[in-house]
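Residue-level structure breakdown
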Amino acid sequence: MTVYGSFPGARPRRLRTTPTMRRMVAETRLHPADLILPAFVREGVAAPVPIQAMPGVVQHTRDTLRKAAVEAVEAGVSGIMLFGVPEEAKKDAAGTAGTDPDGILQVAVRDVRAEVGDELVIMSDLCLDEYTDHGHCGVLDTDGRVDNDATLERYAEMAQVQADAGVHAVGPSGMMDGQVGVIRDALDTIGKEDVSILAYTAKYASAFYGPFREAVGSSLSGDRKTYQQDPANVRESLRELALDLEEGADMVMVKPAGPYLDILAKVADTVDVPVAAYQISGEYAMIEAAAEKGWIDRDKAILESLTGIKRAGAQMILTYWATEVARGLARR
């Protein structure tokens with residue numbers, strides 16, 4: 001036999017011969033504890049409302065949200081990220097429903113905390129977009145632009161009411177400059193030093209958010225390109241990362257996950273804090289739609305996508321398949 005470099009002595013296929021061999025030498029392993037379940041709770045509904053663009057995902061009632069939280073715990077999922085969907089009539093320019101102690105998100109946090117206690121890390125979306133009648137993530141100035149510093153004042157209020165409701169972690173997702181530092185100060189001021197901050201550090205202005213707009217009943221007209229990041233940029237993310245860490249972020253996130261694995265890998269190689277990635281609505285919808293057409297194997301595609309995110313450096317993955325995947329991993 002002709003010798004080519006290390007061949008025939010070197011045969012990497014030896015380590016791929018059987019399923020057990022492949023499992024033994026696998027470099028990346030998914031575990032239920034890696035997963036966080038994003039969940040929507042809608043005010044004023046008597047039954048869960050299916051999200052058409054996200055088959056299998058619903059806007060929960062308070063009762064079904066509690067049930068979903070229990071199921072996540074039983075499957076071994078680590079966390080739940082809660083998003084509130086208020087009644088349309090309660091939206092206004094300042095998003096006041098988001099800072100109402102009896103607003104839907106705060107009520108849902110209390111419900112889940114009462115149901116599962118500390119068995120899930122209860123996280124809350126800290127942003128105004130669900131609650132504003134214009135759909136932006138902050139308050140607007142007289143020219144209709146998002147006013148960064150005025151928005152920070154609202155975020156501070158949101159952080160405090162969410163902490164009072166019982167969250168373990170807040171997830172500021174609005175991409176305002178200085179948001180992490182302002183939120184840290186607001187939490188510490190009311191004695192909530194133990195509430196952690198999962199910073200949406202690299203959140204891109206992505207086309208893949210489309211189904212999420214339906215999920216939260218967004219009123220947005222236009223786009224969020226003046227505050228979310230340009231998909232063309234890398235160094236900008238690393239600058240945002242440095243600023244968030246300086247301001248006191250306990251954990252950092254890259255969103256979306258799949259289209260930004262290069263960013264995720266750079267962030268994971270840079271920091272000494274836990275790194276999360278959010279497999280967003282469009283990523284979910286594409287796999288579900290292709291599987292429904294019979295074009296891909298749904299279960300294998302889900303696991304492959306999540307393994308890729310973990311391999312790129314995510315210690316925690318927010319995914320709408322969290323409970324389903326966790327159950328499947330437990331049976332393997």
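In the block above lies the structure referred to throughout.
Here is a short report on the structure shown in this document. Predicted, not measured: the structure shown is a model, and the values here were computed from it.

1. Points about the overall build of the chain
Counting secondary structure elements, the chain contains 11 helices and 10 strands. Its C-alpha radius of gyration of 21 Å places the chain within 12% of the 20 Å reference for a compact globule of 332 residues. Taken along the three principal axes of its C-alpha coordinates, the chain extends 80 × 45 × 40 Å. Counting over 332 residues, the chain shows a buried share of 50%. Across the chain, every contact between residues at least 6 apart in sequence was considered, and the portion connecting residues at least 24 apart equals 74%. In the form shown here, the chain has an accessible surface area of approximately 15,300 Å², with 50% of it arising from carbon and sulfur atoms. Looking at the chain, you have 35 positive and 50 negative side-chain charges, and the mean spots of the two groups are 12 Å apart.

2. So, unusual backbone geometry
The peptide bond linking F7 to P8 adopts the cis configuration, its omega dihedral lying at 15°. Inspection of the secondary structure assignment puts P8 in the segment before α1 (19-25). Backbone torsion omega between K255 and P256 reads -5°, so that peptide bond is classified as cis. Position of P256 among the secondary structure elements: in the loop between β8 (251-255) and α8 (261-270). Backbone geometry places M175, a non-glycine residue, at a positive phi of 60°. Summarising the element assignment, M175 is placed in the loop between β6 (169-172) and α5 (179-189).

3. A few points about the side chain of K203
Mapped onto the secondary structure, K203 falls in strand β7 (residues 196-203). There is no salt bridge for the buried K203, and the closest opposite charge comes from D129, which lies 6.0 Å off by N-O distance. From its side chain, K203 meets the backbone oxygen of S173 in a polar contact 2.9 Å long. In contact with K203, other than residues within four places in its own chain, are S173, M175, Y209, Q228, Q229 and K255.

4. Quick notes on the environment of F40
Mapped onto the fold, F40 is located in strand β1 (residues 35-42). Measuring from C-alpha to C-alpha, the distance between F40 and S124 comes to 11 Å, with 84 residues separating the pair along the chain.

5. Comments concerning the packing of helix α2 (residues 62-75) against helix α11 (residues 322-331)
For any two helices packed against each other, one specifies the inter-axial angle together with the distance between the axes. Here α2 crosses α11 at 25°, and the two axes come no closer than 9 Å. On the basis of their axis angle, the class for α2 and α11 is roughly parallel. Relative to α11, the crossing made by α2 is left-handed. Packed against α2, whose contacting residues are E71, A72 and A75, the element α11 presents T323, A326 and R327 at the interface.

6. What to know about the layout of surface pockets
Any empty space left between the atoms is revealed when a probe the size of a water molecule rolls over them. Volume-wise, the largest pocket comes out at about 650 Å³. Looking at the largest pocket, it is lined by 17 residues, and the ones nearest its centre are A26, T28, R29, T307 and R332. Listing elements by their share of the lining of the largest pocket, those giving two or more residues are α1 and α10 (298-312). Per-element accounting of the lining of the largest pocket gives the leading share, five residues, to α10. A breakdown of the residues in the lining of the largest pocket according to their chemical character gives six nonpolar, four polar and seven charged. What lines the second largest pocket is a set of 19 residues, and nearest its centre among them are L37, G56, H60, Y320 and T323.

The rules behind each value
Residues numbered from 1 in each chain as written. Predicted model: local features only at pLDDT ≥ 70, side-chain atom pairs only at ≥ 80, totals over all residues. Heavy atoms only, no water. Helix = DSSP H or I, 4+ residues; strand = E, 2+ residues; numbered from the N terminus. Rg over C-alpha atoms; globule rule 2.2 N^0.38 Å. Buried < 20%, exposed > 50% of the residue type's maximum accessible area, 1.4 Å probe, protein only. Contact = heavy atoms within 4.5 Å. Areas by Shrake-Rupley, 256 points an atom, 1.4 Å probe, with all protein chains shown as cover. Lys, Arg positive; Asp, Glu negative; His and termini not counted. Charge placed at Lys NZ, Arg CZ, Asp CG, Glu CD. Salt bridge = Lys/Arg side-chain N within 4 Å of Asp/Glu carboxyl O. Polar contact = N/O pair within 3.5 Å; in protein donor to acceptor, adjacent residues only side chain to side chain. Axes fitted to C-alpha atoms, helices over the stretch in contact; angles between N-to-C directions. Parallel < 35°, antiparallel > 145°, perpendicular 65-115°, else oblique. Left-handed = near helix turned anticlockwise from the far one by under 90°. 1 Å grid on protein atoms, 1.4 Å probe; cavity = no way out; pocket = protein on both sides within 12 Å on 5 of 7 lines; lining within 4 Å. Points joined across faces, edges and corners; volume = space filled by probe spheres on them. Nonpolar A, V, L, I, M, F, W, Y, C, P; charged D, E, K, R; others polar.

Remember that the coordinates give geometry; whether it matters functionally is a separate question.
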